[in-house]
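Summary of the model geometry
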Amino acid sequence: MLFHFSKFLITGKKNMLSIVRFKVASPNIKAVSRYSTECASTFANQDKLPRLPVPRLEATAARYLKSLQPLLSSQELAQAEKAVSQFIGPGGLGPVLQQRLLQADREAANSWLEDIWLNKAYLEYRESNFINSNWAAIVGTFTESKEPVSQQATPVQMEKAARMITHLLECNEAINKQQMPADMQRGEPLCMNQFKWQFGTTRVPRMQRDEIRGQWPCSAKHIVVMYRQQAAVVPVYNEEGRRASLVQIAAQLSQATRSIDRMLQRQQMPSVGLLTAGNRDNWARAHKLLEPGNAEALEQVESALFVVCLDTETQGTTTANDGIDHMLRAYENRWFDKAIQLIVLGSGRMGVNCEHAPVDALTTGRILMEALSKEAALYKDTAPCADLPPAEPIAWNIDGQVQHLIEAAQKQAHALAADLKVLLGDSRQYGAQWIKKLGVSPDAFFQVALQATYFQMHGRAPATYETASLRRFRHGRTETIRSCSQDSLQFSRALADNVPLAQQLRLFQQAVASHVEYSRAAASGEGVDRHLLGLLAQIRSPEEAQQALLFQDPSYARSTSFTLSTSNVTPGDIFRGSFAPVVRDGYGVNYALDKGDLKFTVSEWMSASGTSAAEFRECLLSTLTRLHDAGQYAMDHQLLSQ
């Protein structure tokens, strides 16, 4: 969830697109279409999708200045207005950058934003994926339960893992055959391109900028199992491409864990997966050192369909809060570069930790929910496949340099994990169904509540990031909803001052309307942040960077230092996500607005002064109660229509 552009702004270096290794398997796509169903196939609507527009420079400037109003003093705002006016006016650099961006749009195969976003938001970021970029979630039914006291995998753990593996493989097969129904929203098709990057996809470390390795259709025949910090290659298809039965997959897991147990009894083995939890340049150095003696091992991991982590020694993971904490903060027994990393505890409870660069969380969530819906139903196993290759542990060949880099990565990961706190919150009093009775958007309702909560705690408005989907456009990813508005600030003040209810209601409705208006603009490709990023990426020299007055003004850094980083991942019954704050003195808030309740997680960096996830959770719950009481009173007395 982190977005780091400051280095680019200082150097002003010309944008160079990353080398992305993405292969279309042979035979060609026509061979896949033979398996398509009669319903709308997965990618049938791609050619119908419009391209992401390049907004008008003047429109972005106006919306940007409006978003600054609640964050700046009148003097700071006047300074920002001057900088923006000079940037977009005659002789300013803005029109030059706009023309370059329009030319980039004409030259781009699908979207002017696609590679800029991938590079600047993810691949050029040099700190670890772990916590900083990867997101995590508990999935399925995560009821309170004690974990078994064991250093070995348990039967229920392998049984649960085998079932989820089977259904994830079914999802990959459906995508390969274009049989997964194409997503629609309000009758409009959504881009399905991200589904090509779910299976067999890995982020590969490189100096200064990583690569994404992927293949579609994904024809890999194996997964990788992490167990006791060691990796094992686990075939799940035979050489002819026939999938293993559920019983066979469970047996493969058992064989993999027993082989690792025996290997560790003979000798201590390096924990190479820890390298994925460290600094990206250090991992790139280690990767280069590993390549000569471990080329096949690296190939097996990077080409695997996905990773399954069978965790042991998790006795402290009892509650759902323990679970989300473990999925986000545990750094041993992981390979953080894989697009899908399924985590199964000894009790059979599950979660995920997923690399974010090529795919957004809601896309992965769609696949996980598909698999979970099957996992909860009765399953008739398939016949076993013949000649299934055995599971084999990977024996890494490393030297002292690589071991030193492993130890450095472990130290970095430990410090990062120790500094993060994540807490679950639940409001059982009401949910989206009740909110809709007020005549307002549930998402806007919750975002206004977040603004009021932050103001109650800190006495000021927070720069806020909410994710908006751009999947209505070809190869669309996300845009920022700048949820903090002048209207939300006025309502927050009114609620804090406990002004008369009629005034609170009027200001609340204005705040909700402002949020809805910005949300619609963002989802239509008319947001602020991606356009500004596109302009920033057109800067060609340090001299031009100095002339880009909009970006040089302190208001830009301030408004993009998102104190509240938020994401709506409704529904939340079997999928509860979490991520870290994107700034040191901020909060990360993930939420789901279900029919009868509201669920959220809040995270903080404990080393920061002035923030408290525990206090934020309690204050948010109190705010939600106050809004409910006021809303119910207004409905009972027909005040909303006045």
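Residues numbered from 1 in each chain as written. Predicted model: local features only at pLDDT ≥ 70, side-chain atom pairs only at ≥ 80, totals over all residues. Heavy atoms only, no water.

When you go through the protein residue by residue, the secondary structure sums to 21 helices and 19 strands. Against the compact-globule benchmark of 26 Å for 642 residues, the protein has a radius of gyration of 25 Å, which places it among compact chains. Projecting the C-alpha coordinates of the protein onto the three principal axes gives extents of approximately 70 × 60 × 55 Å. Across the 642 residues in the protein, those meeting the buried criterion constitute 61%. Considering only contacts within the protein whose residues lie at least 6 apart along the sequence, 79% involve residues at least 24 apart. As displayed, the protein has an accessible area near 25700 Å², and 50% of this comes from carbon and sulfur atoms. Here the protein contributes 67 positively and 65 negatively charged side chains, and the mean placements of these two sets differ by 3 Å. (Helix = DSSP H or I, 4+ residues; strand = E, 2+ residues; numbered from the N terminus. Rg over C-alpha atoms; globule rule 2.2 N^0.38 Å. Buried < 20%, exposed > 50% of the residue type's maximum accessible area, 1.4 Å probe, protein only. Contact = heavy atoms within 4.5 Å. Areas by Shrake-Rupley, 256 points an atom, 1.4 Å probe, with all protein chains shown as cover. Lys, Arg positive; Asp, Glu negative; His and termini not counted. Charge placed at Lys NZ, Arg CZ, Asp CG, Glu CD.)

Taken residue by residue, the protein gives an average pLDDT of 92. The fraction at 70 or more is 94%. Overall, residues 1-38 carries pLDDT values under 50, and its contacts beyond four positions in sequence, including any with other chains, amount to 95 contacts. (pLDDT = per-residue confidence, 0-100.)

Turning our attention to the pairing of strand β13 (residues 420-427). Burial analysis of β13 places 6 of its 8 residues in the buried class, the great majority of the element. Pairing of β13 with strand β19 (residues 598-605) involves 8 bridges; the strand directions are antiparallel. The residue of β19 that forms the bridge with Lys421 is Glu604. (Pairing = 2+ DSSP bridges.)

Another point: helix α8 (residues 246-266). Between its terminal C-alpha atoms α8 stretches 31 Å, which fits the 30 Å expected from 21 residues at 1.5 Å a residue. If you check which residues of α8 are buried, you get Leu246, Gln248, Ile249, Gln252, Leu253, Ser254, Ala256, Thr257, Ser259, Ile260, Asp261 and Met263. Buried residues in α8 make contact with α7 (155-176), β7 (222-227), β8 (230-235), β9 (307-310) and β12 (392-393). (Expected span 1.5 Å × (residues − 1).)

Judged by nonpolar contacts, the single largest core of 56 residues is most densely connected at Ile165, Phe199, Ile223, Leu305, Phe306 and Val308. Among the elements that make up this core, the one with the highest residue count is α7 (10 residues). Judged by nonpolar contacts, the second largest core, of 55 residues, contains Leu68, Leu93, Trp197 and Leu489. (Core = buried A, V, L, I, M, F, W, Y, C linked by side-chain atoms within 4.5 Å.)

Time to look at the pairing of strand β11 (residues 350-354). With 5 of 5 residues buried, β11 lies mostly within the body of the structure. On β11, burial covers both faces: Met350, Val352 and Cys354 on one face and Gly351 and Asn353 on the other are all buried. Here 5 bridges tie strand β2 (residues 135-139) to β11, and the two strands are oriented antiparallel to one another. By the bridge assignment for β11, Ala137 is matched with Val352. Hairpin remark: strand β10 (residues 341-344) followed by β11, antiparallel, with 5 residues in the connecting loop; positive phi at Gly348, about 95°.

Before going further, it helps to spend a moment on the state of the cysteines. In total, this model carries 0 disulfides according to the counting rule given. The closest cysteine sulfur to the non-disulfide-bonded Cys218 is located on Cys171, 13 Å from its own sulfur. Among the residues examined, Cys218 registers a relative accessible area of 5% and is labelled buried. With no disulfide of its own, Cys385 lies closest to Cys218 among cysteine sulfurs, the gap being 17 Å. Taking the relative accessible area as the measure of exposure, Cys385 reaches 6% and is therefore buried. (Disulfide = S-S within 2.5 Å.)

Relative to the elements of secondary structure, Ser347 occurs in the loop between β10 and β11. In this structure the C-alpha to C-alpha distance between Ser347 and Ala78, which are 269 residues apart in sequence, comes to 59 Å. One polar contact links Ser347 to Arg349, side chain to side chain, over a distance of 3.1 Å. (Polar contact = N/O pair within 3.5 Å; in protein donor to acceptor, adjacent residues only side chain to side chain.)

The next thing to look at is the sheet that holds β9. Spatial strand order, β12-β8-β7-β9-β10-β11-β2-β17: 8 strands in an open sheet with mixed pairing. Strand pairing shows two members of the sheet lacking a second neighbour, β12 and β17 (575-578), which therefore form its edges. Note: β2 against β17, 4 bridges, orientation antiparallel. Bridging from a neighbouring strand, Ala136 pairs with Ser578 of β17. Where helix α11 (residues 361-375) meets the sheet, its contacts fall on β2, β11 and β17, and the angle it forms with β2 comes to roughly 20°. (Axes fitted to C-alpha atoms, helices over the stretch in contact; angles between N-to-C directions.)

Enumeration over the complete set of coordinates arrives at 40 salt bridges. With a closest N to O distance of 3.3 Å, Glu170 and Lys374 form a salt bridge. On the criterion of sequence distance, the pair formed by Glu170 in helix α7 and Lys374 in helix α11 is long-range, its members being 204 residues apart. We classify Lys374 as partly exposed; its relative accessible area is 31%. A salt bridge links Asp311 to Arg334, with the shortest nitrogen-to-oxygen separation between them at 2.7 Å. (Salt bridge = Lys/Arg side-chain N within 4 Å of Asp/Glu carboxyl O.)

Turning our eyes to something else, we now look at the packing of helix α5 (residues 93-107) against helix α17 (residues 529-536). At a closest axis distance of 8 Å, the pairing of α5 and α17 adopts a crossing angle of 95°. With respect to α17, the axis of α5 lies roughly perpendicular. In this structure, α5 uses Leu97, Gln98 and Leu101 to contact α17, whose residues at the interface are His531, Gly534 and Leu535. Looking at the contact of α5 with α17 residue by residue, the classes come out as 3 nonpolar, 3 polar and no charged. (Parallel < 35°, antiparallel > 145°, perpendicular 65-115°, else oblique. Nonpolar A, V, L, I, M, F, W, Y, C, P; charged D, E, K, R; others polar.)

Closest axis-to-axis distance for the helix α14 (residues 442-458)/helix α15 (residues 486-497) pair is 9 Å, and the angle between their directions is 55°. Relative to α15, the element α14 is oriented oblique. Between α14 and α15 the crossing geometry is right-handed. Only Ser488, Leu489, Phe491, Ser492, Arg493, Leu495 and Ala496 of α15 make contact with α14, whose side of the interface consists of Val448, Gln451, Ala452, Phe455 and Gln456. Of the residues in the contact of α14 with α15, the class split is 7 nonpolar, 4 polar and 1 charged. (Left-handed = near helix turned anticlockwise from the far one by under 90°.)

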